[in-house]
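Working through the structure, step by step
What follows is each chain in one-letter form.
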Amino acid sequence: MLDNLYRQVIIDHYKQRRNFKELKGEYVRKVHYKNPSCGDVMTLFIELEHNQVKKAAFLGEGCSISMASASMMTELIENKSLKEISSLRKAFEQLIRNGVNPNGVDLGDSLSLQGVHQLKARHNCALMTWQALDKILKDVKEYNTL
Ligand code: ZN
């Protein structure tokens, strides 16, 4: 199961979700997303300007892994370019699907979800927030061409 220290980081994000709010404004995009395998639901908000994510926030309800992963992601992608975020996304998927981070990408607190690799039924819980991001950015070339 999950390592103790990592579990504390996950519980902390679950109990005190970062950026747990709605974003409004001209540059805000949002998407509703749900993970049918666990019943997790979320709305992701992204403020996008000049191919950079200025702010990220979410609302939702679900298991600790899904909510912690969303909380961690909103912190991780803030003020990053879409190219950087695209490589973070690929590294995180590797971490969950294969349990490895071969290029040593700085995933911040999201790295604490590595143990989810061993819980195959929960992979979608950890990846849901990134799949929601894919949906928001599906028409943005800078995110999708790498
Ligand atoms: Zn879940």
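Residues numbered from 1 in each chain as written. Predicted model: local features only at pLDDT ≥ 70, side-chain atom pairs only at ≥ 80, totals over all residues. Heavy atoms only, no water.

Along an α-helix, a turn takes 3.6 residues, which lines up residues three or four apart on a common side. Compared with an ideal rise of 1.5 Å per residue, which puts 14 residues at 20 Å, helix 2 (residues 64–77) spans 20 Å between its outermost C-alpha atoms and is within 8% of the ideal. Of all the 14 residues making up helix 2, 12 are buried; the element is thus mostly covered by neighbouring parts of the structure. Within the span of helix 2, buried status applies to Ile 65, Ser 66, Met 67, Ala 68, Ser 69, Ala 70, Ser 71, Met 72, Met 73, Thr 74, Leu 76 and Ile 77. Where helix 2 is buried, its residues contact helix 1 (4–15), strand 2 (40–49), strand 3 (52–61), strand 4 (80–81), helix 3 (82–98) and helix 4 (123–136). Count one or two residues on from helix 2 and you reach Asn 79, which has phi positive near 60 degrees. (Helix = DSSP H or I, 4+ residues; strand = E, 2+ residues; numbered from the N terminus. Expected span 1.5 Å × (residues − 1). Buried < 20%, exposed > 50% of the residue type's maximum accessible area, 1.4 Å probe, protein only. Contact = heavy atoms within 4.5 Å.)

Right, let's talk about the side chain of Arg 17 for a bit. Counting through the fold element by element, Arg 17 comes out in the loop between helix 1 and strand 1 (28–35). Separated by 3.0 Å, the side chain of Arg 17 and the backbone oxygen of Tyr 14 make a polar contact. Of note is the side chain of Arg 17, whose polar atom sits 3.5 Å from the backbone oxygen of Gly 60. The residues contacting Arg 17, other than those within four sequence positions of it, are Phe 58, Gly 60, Glu 61, Met 67 and Ser 71. (Polar contact = N/O pair within 3.5 Å; in protein donor to acceptor, adjacent residues only side chain to side chain.)

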